[in-house]
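Structural overview
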Amino acid sequence: MARRLGTSITETARLVGCSRSAVVSIHAKWINDGDTSSRRQGVGRPRVIKEKGRRRLSRLAKQNRRQTVVQLTVQYNAGPSASVSEHTVQWTLLDMGLCSTRPTCVPLLTKRHCQLSLQCAREHRDWTMDEWKRVAWSDESRFLIHHVDGHVKVRNLPGEQLLPSCTAGHTQAGGGGIMLWGTFSWVALGPIVVVEQTMKAANYLNIIAEQLHPYMAFVSPTGNGIFQQDSSHVTRLGLCWSGSRSILMNST
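Throughout this document, residue positions are counted from 1 along each chain, in the order its sequence is written. Given that this is a predicted model, residues contribute local features only at a pLDDT of at least 70 and side-chain atom pairs are listed and counted only at 80 or more, while totals for whole chains, interfaces and linings are drawn from all residues. Excluding hydrogens and water, the side-chain values take into account all heavy atoms of the structure.

The name an unreviewed UniProt entry gives the chain is Transposable element Tc1 transposase, with Araneus ventricosus as the organism. UniProt positions are given in the numbering used here, feature names are shortened, and annotations may be inferred rather than shown by experiment. Word for word, the UniProt comment on the chain under Subcellular location (unreviewed entry) is "Nucleus".

Following this line, the structure appears as structure tokens:
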């Protein structure tokens, strides 16, 4: 506007507060293009880890959420992508929302579990020793391969705090773990089964069919044995199992 009104280049520069060369270039741009806005694209430093690399880094972080930035950087650089620094990996994780937080602590027993356990104990408090000898007990548990201290953190997106891999009881904290299912009774120890996958209802029923039936036939050949299961897998499927060999007694 100053140039249109006939103001000199020097006076315009003083009025606007810029150099004479800036006045000349900006005025020429307005004459040629009709505006003075910048058309530069991609302002800012380009990402070192592109979209494909970000997806790969996300998979690596979720495979073991307790890995440090150093460990993730080593794993990422072992792939076909270009090598990146720990700072770049850390920034990319934060940009994707994979923040590092303390594992969520979940209760081992809920209030309902305690109520059902107490109810079962009251219902069977008058049982004799011979009656208890007929019971076969089972349990499933996950065991740590390596012990870890309490300073471990996990990476999770918002809303993932209660995922098994993000809770304090998950076994990948120090390098992995193993889940086992087993049963025992007064007569003899039962089989130990390595659970390769997550213990879901269908997997649980396969173990019952393949492992428990032969065991109950051995410890209770007269068919008066009682199987005490501590899980809700069978209950969720609506299975009520009773027969000549065993009776399903639900508690927790």
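A look at the packing of aromatic side chains
Only centres within 6.5 Å qualify two rings of Phe, Tyr or Trp (six-membered ring in Trp) as a pair; their planes then separate them into stacked at under 30 degrees, edge-to-face at over 60, and tilted for everything else. Under the defined criterion, the tally for this structure stands at two aromatic pairs. Judged by centre distance (5.9 Å) and plane angle (15°), the rings of Trp-132 and Trp-137 are stacked. Type-normalised accessible area, obtained with a 1.4 Å probe on protein chains alone, sets the label of each residue: buried when under 20%, exposed when over 50%, and partly exposed for intermediate values. A relative accessible area of 29% places Trp-132 in the partly exposed class. The class for Trp-137 is partly exposed, based on a relative accessible area of 31%. In textbook terms, an aromatic cluster arises when at least three aromatic residues are bridged by ring pairs, as seen for Trp-127, Trp-132 and Trp-137. Note that Arg-56 overlies the ring of Tyr-76, its terminal NZ or CZ placed 4.8 Å from the centroid. Remark: a charge is flagged as sitting over a ring if the NZ atom of Lys or the CZ atom of Arg is within 6 Å of the ring centre and within 35 degrees of the ring normal.

Considerations on the environment of Thr-73
For the purposes of this entry, the term helix denotes a DSSP run of H or I that reaches at least four residues, the term strand denotes a run of E that reaches at least two, and both are numbered from the N terminus. Its location among the elements puts Thr-73 in helix α4 (residues 69-77). It is 7.3 Å that separates the C-alpha atoms of Thr-73 and Val-84, two residues lying eleven residues apart in sequence. Note on contacts: a residue pair is in contact if any heavy atoms of the two residues lie within 4.5 Å. When sequence neighbours within four positions are dropped, the list of residues in contact with Thr-73 reads Val-84, Ser-85, Glu-86 and Val-89. Of the polar contacts made by the side chain of Thr-73, one reaches the backbone oxygen of Val-69; its length is 2.7 Å. Any N or O atom pair separated by 3.5 Å or less is treated as a polar contact, with the protein-specific requirement of one donor-capable and one acceptor-capable atom, and with residues adjacent in sequence counted only for side-chain atom pairs.

A short note on the nonpolar core
Here, the term nonpolar core denotes a set of buried Ala, Val, Leu, Ile, Met, Phe, Trp, Tyr and Cys residues that are joined through side-chain atoms within 4.5 Å. Counting residues in hydrophobic clusters, the biggest one holds 13 residues, and the most contacted among them are Trp-181, Leu-212, Tyr-215 and Met-216. Of all the secondary-structure elements, those providing two or more residues to this core are β4 (177-185), β5 (189-195) and α8 (201-219). Here this core gets seven residues from one element, more than from any other, and that element is α8. Counting eleven residues, the second largest nonpolar core, distinct from the first, contains Ile-49, Leu-60, Val-84 and Leu-98.

Some details on the pattern of salt bridges
Salt bridge criterion: a side-chain nitrogen from Lys or Arg within 4 Å of a carboxyl oxygen from Asp or Glu. By the definition in use, this model includes two salt bridges. One salt bridge in this structure joins Arg-14 and Glu-11, with 2.3 Å as the shortest N-O distance. Taken together, the residues span about one helical turn, with Arg-14 and Glu-11 both in helix α1 (residues 9-16) at a distance of three residues. You can call Glu-11 partly exposed: its relative accessible area is 34%. Measuring nitrogen to oxygen at the nearest pair gives 2.8 Å for the salt bridge that ties Asp-95 to Arg-54. Here Asp-95, found in helix α5 (residues 86-95), pairs with Arg-54, found in helix α3 (residues 51-63); they are 41 residues apart in sequence, far enough to count as distant. Its relative accessible area of 8% is what places Arg-54 among the buried residues.

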